[in-house]
Amino acid sequence: MSNEPFDDRDGYIWYNGKLSVWRDTNVHILNHGLHYASCVFEGIRIYDGKPFKLNEHNERLHNSAKILNFDIPYSVDQLNEATKLIVKEQGVENGYIRPIAWLGSEHMKIYAAGNSVHVAIATWEWAGYFPEELYEKGIDLCWSDWKRPAPDTAPTNSKAAGLYMICTISKKQAQQGGFHDAMMLDYRGYVAEATGANFFMVADGEIHTPIADCFLDGITRRTVIEIAKNNGIKVNERHIKPEELSTAQEAFLTGTAAEITPIGSIAEHKFVPGEVTALLRQEYSKLVRK
Ligand code: PMP
């Protein structure tokens with residue numbers, strides 16, 4: 001299954017309220033979402049047949065669309081039910097769900113007044129984001145050439161497709177340079193996040209993570225902060241300068257796909273996955289299967 005291209009698989013995709021045959025579920029080339037990135041999406045993990053934080057993700061999908069100035073024509077409850085339906089139909093036990101909403105083809109002007117809003121939900125079996133052996137020593141990151149934009153430069157708190165342009169370029173550059181991912185600074189020069197996951201570091205037993213004021217405040221990020229606090233670990237949300245990475249012993253990424261991924265290095269800064277990362281990983285894996 002996993003080597004099949006995504007447009008040529010068996011089964012169904014939930015598409016505008018119906019189950020649609022996977023390999024026949026297409027959009028027209030002239031659609032607003034493709035041309036102008038009027039498109040928002042989500043990524044949800046399924047553990048033992050159950051989507052984790054389903055409601056939070058569908059609420060964020062609604063909110064992301066609102067920020068881009070369109071309304072999703074299905075309620076959060078309807079999206080939750082649709083998601084459960086397609087997961088059951090596809091028989092996915094441990095995998096990923098991709099809900100996506102975009103503007104259609106009625107108008108192709110920049111402002112497409114009255115364009116229809118389309119919604120699809122696809123799901124597939126999927127294991128780790130990074131190869132399993134990397135979780136021991138951690139992944140290696142380089143610095144991205146790109147900076148997270150200011151909140152008045154881009155709709156930074158939406159999970160909008162357009163925001164991923166700099167992520168896909170950065171990730172490609174990282175991998176071509178022999179790294180697993182790239183770390184991005186923000187428009188002020190503070191440490192922000194990786195190309196698809198939030199950043200945490202551990203210094204002298206305390207956690208430090210950037211304030212999510214110009215990038216996605218991840219659902220995993222919030223979950224990990226809660227786990228840390230429940231385990232008596234102090235969490236400092238603050239602006240972090242890149243040179244402060246040298247004060248940390250451990251560092252990790254969080255995200256729906258990345259879960260909690262230990263970091264081995266960010267450019268010249270080296271980290272060793274330790275006690276705090278191990279505890280959080282253990283508690284997180286318990287929580288997702290509760
Ligand atoms: N930042 C970016 C750019 C992401 O793509 C993701 C993954 N959705 C995250 C952070 C983490 O968000 P979450 O924990 O909600 O998956």
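Residues numbered from 1 in each chain as written. Predicted model: local features only at pLDDT ≥ 70, side-chain atom pairs only at ≥ 80, totals over all residues. Heavy atoms only, no water.

Brief notes about the packing of helix H2 (residues 54-67) against helix H3 (residues 76-90)
Selection criterion: Between N-to-C directions, angles cover 0 to 180 degrees, with each direction set by a line fitted to C-alpha atoms, over the stretch in contact for helices. For the purposes of this entry, the term helix denotes a DSSP run of H or I that reaches at least four residues, the term strand denotes a run of E that reaches at least two, and both are numbered from the N terminus. An angle below 35 degrees is treated as roughly parallel, one above 145 as roughly antiparallel, one from 65 to 115 as roughly perpendicular, and anything else as oblique. Two helices crossing with the near one rotated counterclockwise from the far one by less than a right angle form a left-handed crossing, whereas a clockwise rotation gives a right-handed crossing. A contact between two residues is defined here by any heavy atoms of the two lying within 4.5 Å. Gly is put with the polar residues, along with every residue not named as nonpolar or charged; the nonpolar set is Ala, Val, Leu, Ile, Met, Phe, Trp, Tyr, Cys and Pro, and the charged set is Asp, Glu, Lys and Arg.
Running from amino to carboxyl end, H2 crosses H3 at an angle of 125°, the nearest separation of the two axes being 9 Å. Compared by their axis directions, H2 and H3 come out oblique. Taken as a pair, H2 and H3 cross one another with a handedness that is right-handed. Where H2 abuts H3, its residues Leu54, Asn55, Asn58, Glu59, Leu61 and His62 lie against Val76, Leu79, Asn80, Thr83 and Lys84. Counted by class, the contact of H2 with H3 contains four nonpolar, five polar and two charged residues.

A few points about helix H7 (residues 275-288)
Put simply, the rule reads: Under the convention used throughout, the expected extent of a helix is 1.5 Å for every residue step, that is, one less than its residue count. Whether a residue is buried, partly exposed or exposed follows from its accessible area with a 1.4 Å probe, protein chains only, as a fraction of its type maximum: under 20%, in between, or over 50%, in that order. This arc corresponds to the set of directions leading from the helix axis out to the C-beta atoms.
Across its 14 residues, H7 extends 20 Å between first and last C-alpha, which sits within 8% of the 20 Å expected from 1.5 Å per residue. Among all positions in H7, only Val276, Thr277, Leu280, Tyr284 and Val288 are buried. Projection of H7 onto a plane perpendicular to its axis shows the buried side chains occupying an angular sector of 95°, all on one side. Close packing links the buried residues of H7 with strand E4 (44-47), strand E11 (198-203), strand E12 (206-209), helix H6 (219-230), strand E14 (250-255) and strand E15 (259-266).

A short note on the side chain of glutamate 259
Mapped onto the elements, glutamate 259 comes out in strand E15. In this structure glutamate 259 touches Arg45, Tyr47, Thr220, Leu253, Thr254 and Tyr284, once residues within four positions along its chain are discounted.

Regarding the pairing of E15
Two faces, one strand: in a regular strand the side chains alternate between the faces of the sheet. Worth spelling out the cut-off: Only strands that DSSP links by at least two bridges are regarded as paired with each other.
Taking burial as the measure, the eight residues of E15 include eight buried ones, the bulk of the element. As paired strands, strand E8 (residues 139-148) and E15 are joined by three bridges and run parallel to one another. Counterpart to aspartate 140 in the pairing with E15 is serine 265. Of the strand pairs in this sheet, E14 and E15 are connected by four bridges, and their pairing is antiparallel.

What about the site of the ligand?
Stated formally: Definition of nearness: a residue and a molecule or strand are near each other if at least one heavy atom of the residue lies within 4 Å of the molecule or strand. As used in this structure description, the phrase polar contact means that two N or O atoms lie within 3.5 Å; if the pair is within protein, one of them must be able to donate a hydrogen and the other to accept it, and residues adjacent in sequence are counted only when both atoms belong to side chains. Per-residue and other accessible areas were derived by the Shrake-Rupley procedure at a 1.4 Å probe size, with only the shown protein chains allowed to occlude residues.
The local shell around the ligand holds 15 residues, among which Tyr164, Glu193, Ile219, Thr220 and Thr256 are the closest. A distance of 2.4 Å separates an oxygen atom of the ligand from a polar atom in the side chain of tyrosine 164. Measuring from an oxygen atom of the ligand, one finds a backbone N or O atom of isoleucine 219 at 2.7 Å. Look at the ligand: alone it shows 380 Å² of surface, and the protein chains cover 95% of it. Where the shell around the ligand is concerned, the elements lending two or more residues are H6 and E14. Taken together, the residues of the shell around the ligand break down into four nonpolar, eight polar and three charged.

Observations regarding the packing of H6 against H7
In contact at an axis separation of 10 Å, H6 and H7 are set at 115° when each is read in the N-to-C sense. Taken as axis vectors, H6 and H7 run roughly perpendicular relative to one another. For the pair H6 and H7, the sense of crossing is right-handed. Across the interface between the two elements, Thr220, Thr223, Val224, Ile227 and Ala228 from H6 touch Leu280, Glu283, Tyr284 and Leu287 from H7. Residues that form the contact of H6 with H7 fall into these classes: six nonpolar, two polar and one charged.

Side note on a nonpolar patch on the surface
Basically, it comes down to this: Exposure above 30% relative accessible area and the absence of a salt bridge qualify a residue for a patch, where like charges join within 9 Å and nonpolar side chains (Val, Leu, Ile, Met, Phe, Trp, Tyr) within 5 Å. In the sections that follow, a salt bridge refers to a side-chain nitrogen of Lys or Arg positioned within 4 Å of a carboxyl oxygen of Asp or Glu.
Residues Tyr12, Leu19, Val21 and Leu85 make up a contiguous nonpolar surface patch of about 310 Å² in total accessible area. In this fold, leucine 19 is placed in strand E2 (residues 18-21).

With respect to the domain arrangement of the protein chain
Interface size, as often reported, equals the accessible area lost upon joining of the parts. Test applied: Here the limits of each domain have been adopted from an automatic or database domain assignment. Accessible area, probed at 1.4 Å, shrinks when two parts are joined; the buried area is that loss added up over both.
Split into domains, the protein chain comes out as domain 1 (12-125) and domain 2 (134-288). If you average the C-alpha positions of domain 1 and of domain 2, the two centres end up 26 Å apart. Listed by partner, the interface residues are 18 residues for domain 1 and 19 residues for domain 2. Between domain 1 and domain 2, the buried area comes to about 1,600 Å², and carbon and sulfur atoms account for 65% of it. Summed over the shared surface of domain 1 and domain 2, the result is one salt bridge. Close ionic contact of arginine 45 with glutamate 259 constitutes a salt bridge, the shortest N to O distance being 3.8 Å. Remark: the boundary between domain 1 and domain 2 carries six residue pairs in polar contact (both at pLDDT 80 or more). Breaking the side of domain 1 that touches domain 2 down by element, the ones donating at least two residues are strand E3 (39-41), E4 and H2. If one sorts the elements of the side of domain 1 that touches domain 2 by residue count, H2 sits on top with five residues.

Observations concerning the pattern of salt bridges
Counting across every chain of the model gives 17 salt bridges. For the salt bridge of glutamate 42 with arginine 60, the shortest nitrogen-to-oxygen distance reads 2.8 Å. On the criterion of sequence distance, the pair formed by glutamate 42 in the loop between E3 and E4 and arginine 60 in helix H2 is long-range, its members being 18 residues apart. Using a relative accessible area of 14% as the deciding quantity, one classes arginine 60 as buried. Its salt-bridge partner being aspartate 213, residue arginine 188 comes within 2.8 Å of it at the nearest N-O pair. Linking arginine 188 in the loop between strand E9 (181-186) and strand E10 (191-194) with aspartate 213 in the loop between E12 and H6, this pair joins segments that are 25 residues apart in sequence. The class for arginine 188 is partly exposed, based on a relative accessible area of 32%.

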